[in-house]
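One-letter residues, chain by chain:
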Amino acid sequence: MIPKTKIQIEVARLSKKLTDISDKQTKWAYDHCIEHIGRISKKGITCLDCGHIWDEKPILLAKLESCKCPNCGHKLKVEETKKRVFKDSAYFGITTTHKGYQLFRLFFVSAKFFTNKSPEYSCHEVVQHWVSRNGKKVTLSVPRGGNLCYLDIWRWWERMEVRKYCHEVYNILPYKIYPAVKYLPEIKRNGFKGKYHGFHPADFFSLILGNNIAETLLKTGNIEWFKNFAHNQRQITRCWSAIKIAFRHKYEIKDRLLWLDYIDLLLYFHKDIRNPKVIFSDDLHNAHNKLVAKKREIQRKIDMEKKKKQAIQEEEAYKKNKGKYFGIAFSDDLINVRVLTSVQEFVEEGDNMHHCVYTNNYYKKNDSLILSATIGGKRIETIEISLNSFTIIQSRGPLNRNTEYHDRIIELVKKNMPLIRKKSTLKNSNHERSKQRTVSHVHL
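What counts, and at which threshold
- Residues numbered from 1 in each chain as written.
- Predicted model: local features only at pLDDT ≥ 70, side-chain atom pairs only at ≥ 80, totals over all residues.
- Heavy atoms only, no water.
- Pairing = 2+ DSSP bridges.
- Helix = DSSP H or I, 4+ residues; strand = E, 2+ residues; numbered from the N terminus.
- 1 Å grid on protein atoms, 1.4 Å probe; cavity = no way out; pocket = protein on both sides within 12 Å on 5 of 7 lines; lining within 4 Å.
- Points joined across faces, edges and corners; volume = space filled by probe spheres on them.
- Nonpolar A, V, L, I, M, F, W, Y, C, P; charged D, E, K, R; others polar.
- Buried < 20%, exposed > 50% of the residue type's maximum accessible area, 1.4 Å probe, protein only.
- Polar contact = N/O pair within 3.5 Å; in protein donor to acceptor, adjacent residues only side chain to side chain.

Colleague: Sorry, what's going on with the pairing of strand β2 (residues 44–47) here?
Modeller: Two faces make up the sheet, and in a regular strand the side chains alternate between them. Where strand β1 (residues 36–41) meets β2, four bridges bridge the pair, whose relative direction is antiparallel. When the sheet's bridge partners are listed, Gly38 is paired in β2 with Cys47. Two strands pair when backbone bridges link them, and β2 and strand β3 (residues 53–54) are joined in this way by two bridges, in the antiparallel orientation. Pairing of Ile45 across the sheet is with Trp54, part of β3. From the end of β2 to the start of β3, which pair antiparallel, there are five residues, and Gly51 there has a positive phi angle of about 80°.

Dropping the structure here:
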């Protein structure tokens, strides 16, 4: 892609002036990154690097897995096979500096070994990661063909360009890194001691140069926290005050992720996370679960308020559509059944019965009527009636289960169905009820 930012333009310019890999570095890559083959034949062992053949005792030959060529000194993987051509490839990296940038260069080296001629080697630079002194990273690479999941199809003969960062494509961990390395002074100043702790070098440099928290964690030897920070920067940044207090008091945190969630909950409730008495708990799981329950209750109330506001907006349409049925109520001296007369009642019915009479917008259905069955004011089942056939579609108790009164409720509603049928012949206020269309029904 075309360089757009100031740092991209500068890096693209500097990249063109980089010197090619040296012969010494190339030879090192061939010697240390490629698997060299010793082929067993009737003549003995043949080194496919230099072509040297030597005899080995038959007993030792059968047990050999690797050996050293007495001529060129390469460590060889011993293979007894009729195969005559062998291929191998690997990535290796060079860590250096250039014009105030920490630079990591990635090379793809490959080899082809033959039984009757000298091997063929190739080495091409495929990716460059440039990291500025303040941790900003720019990635350049040659184009890559084929499936994005297959990393070895590089069009190395084309020019290297700035690429949109993609961790899976360009952050390839090399098999080995060339031992002669150069670092910016800031790298060592910020706590680097030669180990990358499982990170890609470019990511590691960017992290410790660009973030004070990462630098502090590395310098203080809190490597596990450092690794957590790399993958969870926002949360650890929010909780940083509490983390520093924990370090200062040598508080043992056995479950870091749970403790961080606990601190987030304390922040939600506006607690002082600089107070050791607040952030330290003898029973972390119990303290965490109590706050979770408290937060859920608050969120439930917030959701209820949203539902109420939405219900107010939809109330008028429901009254126009079903208003003529309002007031229908009947009883058998124990069970009371009545029509729900507002959208707000749908909200309360759904929340109390834990079913979807509100969330699935049953109040918007033109061809059905919803009633609520109660005993002593307590809701027991919700009934849906078809206004086309005047039959009961469903009657559901809490969590969509039938109650012990289910059959009695069904009989009571059937007995009073003529009352509902009679009301359906009346006109709604301000408009005629439109011709109904049958729709499919789901569980409440």
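There's more to say after this.
Colleague: How should the pairing of strand β5 (residues 75–80) be read in this particular structure?
Modeller: Here five bridges tie β1 to β5, and the two strands are oriented parallel to one another. Residue pairing in the sheet places Gly38 in a bridge with Val78 of β5. Pairing analysis gives three bridges linking strand β4 (residues 66–68) to β5, with the strands arranged antiparallel. Among the inter-strand pairings, Lys68 is bridged to a residue of β5, identified as Lys75. Counted between consecutive antiparallel strands, the loop separating β4 from β5 contains six residues, among which Gly73 sits at a positive phi close to 85°.

Colleague: Explain the layout of surface pockets to me, please; I cannot follow it from the model alone.
Modeller: Taking a probe equal in size to a water molecule and rolling it over the atoms shows the remaining empty space. Here the largest pocket defines a volume of roughly 500 Å³. Residue lining of the largest pocket: 25 residues in total, with Ser15, Lys16, Arg159, Met160 and Glu161 positioned closest to the centre. If one sorts the elements of the lining of the largest pocket by residue count, strand β8 (residues 120–131) sits on top with four residues. Classifying every residue of the lining of the largest pocket by side-chain character gives 14 nonpolar, four polar and seven charged. Every residue lining the second largest pocket is counted, 16 residues in all, and those nearest its centre are Gln25, Ile94, Thr96, Arg105 and Lys182. At the level of secondary structure, the elements contributing two or more residues to the lining of the second largest pocket comprise β6 (85–98) and β7 (101–114). The element best represented in the lining of the second largest pocket is β6, accounting for five residues.

Colleague: I'm lost on the side chain of Gln394 in this one. Help?
Modeller: Inspection of the secondary structure puts Gln394 in strand β16 (residues 392–396). For Gln394, a relative accessible area of 6% gives the class buried. At 3.4 Å, the side chain of Gln394 forms a polar contact with the side chain of Tyr362. For Gln394, the side chain forms a polar contact with the side chain of Arg396, separated by 3.3 Å.

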